[in-house]
Amino acid sequence: MPVQNGLSMVPTFADVRDAAHRLKGHAILTPLLRSPDLEVLAGCELHLKAECLQHVGAFKYRGARNRLAALSPEAASRGVVAFSSGNHAQGVARAARELGIDAVIVMPTDAPAVKVAGVISDGATIISYNRLTQSREDIATNIATEEGRTLVPSYDDPHVIAGQGTVGLEIAESGLIFDAVITCIGGGGLCAGIALALETLCPETKLYGAEPTHYNDHQKSLECGTRQRLVRTPPTLCDAIMTPQPGELTWPINSRRLDGVMTVTDDEALRAMKLAHNHLGLRVEPGGAVALAVALRGDLSHFGRVCAVVSGGNVDDDVFARALAQ
């Protein structure tokens, strides 16, 4: 179990191992894929950890399933509430359906239709909000308080972080030794979980993050040495990683383990989506393609073997068509 540290619960590598046991037989052990043509562009031996092939089309299922599976019977009977633009919402909805737990999801009115449809199909109740004028955190917290539900954050939760860490566990136990791993960073849960696995099993492997150009809160925070909050939050196609500040629990882990963070434009994300489709037949969403975009830009060409996490594949048809037209 996570150890107590002040008011926060800090996940450890042991928690990642526990999560792997909970997820065994439920989460998909996603493949590492290669393409000779993509490797020419990347300038290195490039392996794609295809989490777009995970349940609900994203790694978020791992953390959601681990969090809900760890609930006491009493807490599970009262239900859960989560807030998300889509992938975490779908992960919670699917895990809740599998475990027989009632779920309420707070989603923005501009959430991608494919993600809204996924949540509805798994039987969760959606509460819509305007991301420009309302606080999703406040709405979800009020619901949790009034109805006795357990709040399931998308990244700032030790069980969620540990569940996402099983991605790193699978990379570390793949039988391959990677010089570097790069993943997307929104709130930092996936990166933090991967960091816990890598620092224990392969500490020599470098870890990098990828963010949208205008959502570079981790990059700025690393430069300053403290958590920074963005003032401007303009629109981006990378809806899955539109966070203005690193997580309170994820930042201490990522700040000690990250070797750097690169930024990606929407056009670069679209290009990576097209190349992933053309060469590997993958359907990837913009936020899920940013790590691959960095690799295809050649930023990691000085390494011999690199793993890029393709974190999600839930994309509306119009955006996907725009990518293929690049």
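Parameters and conventions
Residues numbered from 1 in each chain as written. Predicted model: local features only at pLDDT ≥ 70, side-chain atom pairs only at ≥ 80, totals over all residues. Heavy atoms only, no water. Helix = DSSP H or I, 4+ residues; strand = E, 2+ residues; numbered from the N terminus. Rg over C-alpha atoms; globule rule 2.2 N^0.38 Å. Buried < 20%, exposed > 50% of the residue type's maximum accessible area, 1.4 Å probe, protein only. Contact = heavy atoms within 4.5 Å. Lys, Arg positive; Asp, Glu negative; His and termini not counted. Charge placed at Lys NZ, Arg CZ, Asp CG, Glu CD. Pairing = 2+ DSSP bridges. Arc of directions from axis to C-beta. 1 Å grid on protein atoms, 1.4 Å probe; cavity = no way out; pocket = protein on both sides within 12 Å on 5 of 7 lines; lining within 4 Å. Points joined across faces, edges and corners; volume = space filled by probe spheres on them. Nonpolar A, V, L, I, M, F, W, Y, C, P; charged D, E, K, R; others polar. Phe/Tyr/Trp six-rings, centres within 6.5 Å; stacked < 30°, edge-to-face > 60°. Lys NZ or Arg CZ within 6 Å of the ring centre and 35° of its normal. Expected span 1.5 Å × (residues − 1). Axes fitted to C-alpha atoms, helices over the stretch in contact; angles between N-to-C directions. pLDDT = per-residue confidence, 0-100.

The next point concerns the overall build of the protein chain. Helices and strands together make up the secondary structure of the protein chain, namely 14 helices and 12 strands. A globule of 326 residues ought to have a C-alpha radius of gyration of about 20 Å, and the protein chain, at 18 Å, matches this closely. Considering only C-alpha atoms, the protein chain reaches an extent of 55 × 40 × 40 Å along its principal axes. Within the protein chain, buried positions represent 58% of all 326 residues. For the protein chain, long-range pairs separated by at least 24 residues make up 75% of all intrachain contacts whose partners lie at least 6 apart in sequence. Between the mean site of the 29 positive side-chain charges and the mean site of the 36 negative ones, the protein chain shows a separation of 2 Å.

Looking now at the sheet that holds strand β10 (residues 206-212). Taken together, the six strands give an open sheet; going across it, the order is β3-β4-β12-β9-β10-β11, and neighbouring strands pair in mixed fashion. Across the chains shown, the open sheet's two edge strands, defined by having one partner strand only, are β3 (32-33) and β11 (260-264). When β10 meets β11, the two strands line up parallel, connected through five bridges. Note on β11: the bridge partner recorded for Tyr208 is Gly260.

What follows is about helix α1 (residues 13-23). An α-helix turns once per 3.6 residues; consequently, residues spaced three or four apart project the same way. Those residues of α1 lying buried are Phe13, Asp15, Val16, Ala19 and Leu23. One side of α1 carries all its buried residues, which in axial view fall inside an arc of 150 degrees.

Quick look at the layout of surface pockets now. Roughly 280 Å³ of internal volume is contained in the second largest pocket. Lining the second largest pocket we find 14 residues, and of these Ala20, Lys24, Leu29, Leu169 and Glu170 sit closest to its centre. Of all the secondary-structure elements, those providing two or more residues to the lining of the second largest pocket are α1 and α8 (158-172). Here the lining of the second largest pocket gets four residues from one element, more than from any other, and that element is α1. Counted by class, the lining of the second largest pocket contains six nonpolar, three polar and five charged residues.

Time to look at the packing of aromatic side chains. Where two aromatic rings form a pair, the distance of their centres and the angle of their planes describe that pair. With the rule as written, the count across this model stands at one aromatic pair. Taking the centre distance of 5.9 Å and the plane angle of 55 degrees together, the rings of Tyr208 and Phe303 count as tilted. Of this pair, Tyr208 sits in strand β10 while Phe303 sits in the loop between α13 (290-296) and β12 (305-310), and the two are 95 residues apart along the sequence. We classify Tyr208 as buried; its relative accessible area is 11%. According to the relative accessible area criterion, Phe303 is buried, its value standing at 14%. Taking NZ or CZ as reference, Arg283 lies 4.4 Å from the ring centre of Phe320, over its face.

Helix length check: helix α9 (residues 189-201), at 13 residues, gives a terminal C-alpha distance of 19 Å against a target of 18 Å (1.5 Å per residue), a fit within 8%. Among the 13 residues that make up α9, 10 are buried, leaving the element largely enclosed by the rest of the structure. Buried within α9 we find Gly189, Leu190, Cys191, Ala192, Gly193, Ile194, Ala195, Leu196, Ala197 and Leu198.

Here we have four strands laid out as an open sheet, ordered β7-β6-β5-β8, and parallel in their pairing. Either end of the sheet is taken by a strand with one partner, and the two such strands are β7 (125-129) and β8 (150-151). Seen against the sheet, helix α7 (residues 136-147) touches β5 (80-83), β6 (103-108), β7 and β8 and runs at an angle of roughly 175 degrees to β5.

As a further point, take unusual backbone geometry. Even without a glycine there, the phi angle at Val56 is positive, about 60 degrees. Residue position: Val56 is located in the loop between β4 (45-50) and α3 (60-69). Residue Val56 is classed as buried on the basis of its relative accessible area, which comes to 10%.

For the rest of this paragraph, the subject is the side chain of His218. By the element assignment, His218 lies in helix α10 (residues 217-224). Overall, the relative accessible area of 0% leaves His218 in the buried class. Beyond its immediate chain neighbours, meaning those up to four positions away, His218 contacts Ile185, Gly186, Gly187, Gly188, Glu211, Pro246, Trp251, Asn254 and Val261.

Turning next to the confidence of the model for the protein chain. Per-residue pLDDT for the protein chain has a mean of 94; in total, 98% of the residues score no lower than 70. Segment residues 1-8 is flagged for pLDDT under 50; beyond a separation of four residues in sequence, or across chains, it makes 17 contacts in the model.

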